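So the chains spell out like this:
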Amino acid sequence: MIRTSRRGFLGAASAVAVGGLSLRPSVAGSGSRPSEPYRVITDLSEQYDDLRQGTNLRWKGSPKRIAFPKNAEDVAHEVALIRDTGLVPAVRSGGHCYEDFVSNGRVTAIIDTSAMNQVSWDPNMKAFEVGAGAQLGAVYQLLYKQWGVYVPAGNCPTVAAGGHIAGGGYGSMNRRDGLVVDHLHAVEVVHMRADGSVAISRGTRDPNDPHHDLWWAYTGGGGGNFGIATRYWLRSPQAIGDAPETALPRPPRHVWISTVSWNWDTLDEAAFKRLMTNHAKWHEKHSAPDAPETALFSQLKTWHRTNGAVTMDTIVDDAAQDAAGMLARYVQAVSDGVGAPAILQERRVPWMQATQWAGFTGPDPTRRFDGKSAYLKRAWTDEMLSAAYAGLTDPRMTNPVALLMIASYGGAVNSIAPEDTAVAQRDSIIKFQVVSIWDDPEKDAENIAWTRNTYAGMFASSGGVPVPNGTVDGAFINYCDTDLDDPRFNRSELSSFDLYYKQNFSRLQKVRNTYDPKEFFRHGQSIPLT
């Protein structure tokens, strides 16, 4: 048993002591109880102050209980305990949430999936089993070192599979091999039925599976909507045979990586707009699923002028025809009429080492950040470019780590029909975010105001948000943004759900109604019941 404070209780064993009463949680489909206690910490635990918050240090919760279950049965037991004791749950995998969906004053029990970090071959499923708490860096290493395969997931190695896959995560190989959810074979989920009993269900890609809709919801419907994902199974739809070595794509053997920069002193408004348009036009031309240039992915980072430079990090599959030439032609095309950039690095490295490359590894986990996203289907409008330039040169902004982070998209991503997965944006060429990263809590207002104002200006003619049209295509659920539901910042007629899910929203509502009809799992942008 694990000792807690007076306002806590004894947890993770066969009975739960609450206020002198002994409760035995009822769990359907999971056995009577965990075979061994799993770890639970409270506000008396040494780790509490660290573990009540995630990567974004803007958010700090005050849960009474943080549990670390080791499998679905443990999770089911914990969910039943939370139900029976009246606590308010939230689930966490890597802790990279943009908003306070987990760490807030309302949540009193966090279920942390980090102990479920397995990566193994399941011969019965003929697919790779990945625990919801497995971090992407470890997933890449284990898949590649043991079987020579990989899955095209995200770039940040500390992001965990649980929320990343549920939201339809993308990364540096998405143009070549699609999204991670395009390789999702099955998912295991702990959820609550209408009668209050806790169940464990498994949904697969098979359209005849009675839980097929559950699988579909986890191909981009977002975390915390349908229950708690405990395991994913990965196998490409086109895979043939029973061998693990053929179940997923093979990554590049080697890649070219490059970082170039343009000095802000050489960029007036006209030059900035030319650079941005060049970059977008290249993606317009080279984002068809069969384009050779899908071997290339980049992040154009237009830092605030106080940073001194605009940078672009690029990776190219060395197996592509004339890969080094493709990289050179790309940099030249983006630079046309602007001036050649400074080349900070350009080298050929093994793919495994490139998965840890600092150019793509995500935000520093000791900082605070705020971001707002959009998909781009074609080159920027002048309204968008003028507002971006105004924001990036705003003299009132003092943070050099405020930027537009503009990522390559399209290619193989666009070979999937919008209704085949919950990710509805299947004809975009770029995914970008207006984001600011800072340290001092006293700078919160300044940085949040900057992201809001810059984003609102870019979409001024559509109510301050990226309403789907011929140029833009909504927002990305994994870059969640509660301002999308605030009429002060969203003056369009669309909700965040319309922007995240588009035409797939109604189906996701039905899945929510089936697998969480009591709305046991809730956060700031949970899908509402039908």
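Residues numbered from 1 in each chain as written. Predicted model: local features only at pLDDT ≥ 70, side-chain atom pairs only at ≥ 80, totals over all residues. Heavy atoms only, no water.

1. With respect to the overall build of the protein chain
Rules: In DSSP terms, a helix is any run of H or I states spanning at least four residues, a strand is any run of E spanning at least two, and both are numbered starting from the N terminus. Restricting the calculation to C-alpha atoms gives the radius of gyration, and the globule rule supplies 2.2 Å times the number of residues raised to the power 0.38. Between buried and exposed lies partly exposed: a residue is buried under 20% and exposed over 50% of the maximum accessible area for its type, with that area taken using a 1.4 Å probe on protein chains only. Calculation of accessible area relied on Shrake-Rupley with a 1.4 Å probe; when residues are assessed, cover is drawn exclusively from the protein chains displayed. Neither His nor the chain termini are counted; the positive set is Lys and Arg, and the negative set is Asp and Glu. Note that the charge is assigned to NZ on lysines, CZ on arginines, CG on aspartates and CD on glutamates.
The helix and strand tally for the protein chain stands at 13 helices and 18 strands. Its C-alpha radius of gyration of 23 Å places the protein chain within 12% of the 24 Å reference for a compact globule of 530 residues. Projected onto the principal axes, the alpha-carbon positions of the protein chain cover approximately 75 × 55 × 40 Å. Looking at the protein chain as a whole, 62% of its 530 residues are labelled buried. Total accessible area on the protein chain stands at roughly 20,000 Å², and carbon and sulfur atoms take up 50% of it. With 53 positive and 57 negative side-chain charges, the protein chain shows a spacing of 4 Å between the two charge centroids.

2. Things to note about the layout of surface pockets
Vacant regions in the atomic arrangement are exposed by a probe of water-molecule size rolled over the atoms. Worth spelling out the cut-off: Method remark: on a 1 Å grid restricted to protein atoms, a set of points is classed as a cavity if a 1.4 Å probe fits but cannot get out and as a pocket if it is open with protein on both sides within 12 Å along at least five of seven lines; lining residues have an atom within 4 Å of a point. Grid points are joined across faces, edges and corners, and a volume is the space filled by probe spheres set on the points. Under this grouping Gly is polar, as are all residues other than the nonpolar Ala, Val, Leu, Ile, Met, Phe, Trp, Tyr, Cys and Pro and the charged Asp, Glu, Lys and Arg. Segment limits for the domains were obtained from an automatic or database-derived domain assignment.
If you add up the space inside the second largest pocket, you get close to 270 Å³. Asp-182, His-183, Pro-237, Gln-238 and Ile-416 are, among the 17 residues lining the second largest pocket, the residues nearest its centre. Across the lining of the second largest pocket, the residue classes tally to seven nonpolar, six polar and four charged. Each of domain 1 (38–251) and domain 2 (254–503) contributes no fewer than three residues to the lining of the second largest pocket.

3. What about helix H7 (residues 269–285)?
Heads up, the rule is: Helix span, as expected, comes to 1.5 Å for every residue beyond the first. N or O atoms within 3.5 Å of each other form a polar contact, as long as, within protein, one can give a hydrogen and the other can take it, and as long as residues adjacent in sequence are counted only when both atoms are side-chain atoms.
Look at H7: 24 Å from first C-alpha to last across 17 residues, which is about the 24 Å you get at 1.5 Å a residue. Of the positions making up H7, those classed as buried are Ala-271, Phe-272, Lys-273, Leu-275, Met-276, Asn-278, His-279, Ala-280, Trp-282 and His-283. You can read the cap of H7 off the contacts: a side-chain oxygen lies 3.3 Å from the backbone nitrogen of Ala-270, and it is on Asp-268.

4. Looking at the pattern of salt bridges
To keep things clear, this is the line we draw: Throughout this description, the term salt bridge denotes a Lys or Arg side-chain nitrogen within 4 Å of a carboxyl oxygen of Asp or Glu.
Within this structure, the stated rule accounts for 33 salt bridges. Here Glu-284 makes a salt bridge to Lys-281, at a shortest N to O gap of 3.8 Å. Placement of both Glu-284 and Lys-281 in helix H7 is noted, with a separation of three residues, approximately one turn of the helix. A relative accessible area of 34% places Glu-284 in the partly exposed class. With a closest N to O distance of 3.0 Å, Asp-318 and Arg-348 form a salt bridge. Of the two residues, Asp-318 is situated in the loop between strand S14 (309–317) and helix H8 (323–335) and Arg-348 in strand S15 (residues 342–350); the sequence distance between them amounts to 30 residues.

5. Observations regarding the sheet that holds strand S4 (residues 65–68)
Rule in force here: Strands qualify as paired when DSSP identifies two bridges or more between them. Here the axes come from fitting lines to C-alpha atoms, over the contacting stretch only for helices, and the angles between their N-to-C directions go from 0 to 180 degrees. Contact definition: two residues touch when any of their heavy atoms are within 4.5 Å.
In space, the four strands of this open sheet follow the order S3-S4-S6-S5, with mixed pairing throughout. Strands at the two margins of the open sheet, each flanked by one partner only, are strand S3 (39–41) and strand S5 (89–92). Each strand of the sheet is rotated relative to its neighbour by a mean of 20°, with strand direction disregarded. Direction of pairing for S4 relative to strand S6 (residues 109–112): parallel, over a ladder of three bridges. Paired with Arg-65 across the two strands is Ala-109, which belongs to S6. Packing of helix H2 (residues 72–85) onto the sheet brings it into contact with S4, S5 and S6, and relative to S6 it is tilted by some 175°.

6. Points about the side chain of Arg-92
You can see Arg-92 is positioned in strand S5. A polar contact is formed between the side chain of Arg-92 and the backbone oxygen of Leu-51, at a distance of 2.7 Å. Setting aside residues no more than four positions away along its own chain, Arg-92 makes contact with Leu-51, Arg-52, Gln-53, Ile-66, Val-102, Ile-110, Ile-111, Asp-112 and Thr-113.

7. Concerning the pairing of S4
On S4, burial covers both faces: Arg-65 and Ala-67 on one face and Ile-66 and Phe-68 on the other are all buried. Relative to S4, S3 is paired through three bridges, and the arrangement is antiparallel. Counterpart to Arg-39 in the pairing with S4 is Phe-68.

By themselves, these figures tell us nothing about what the structure is for.
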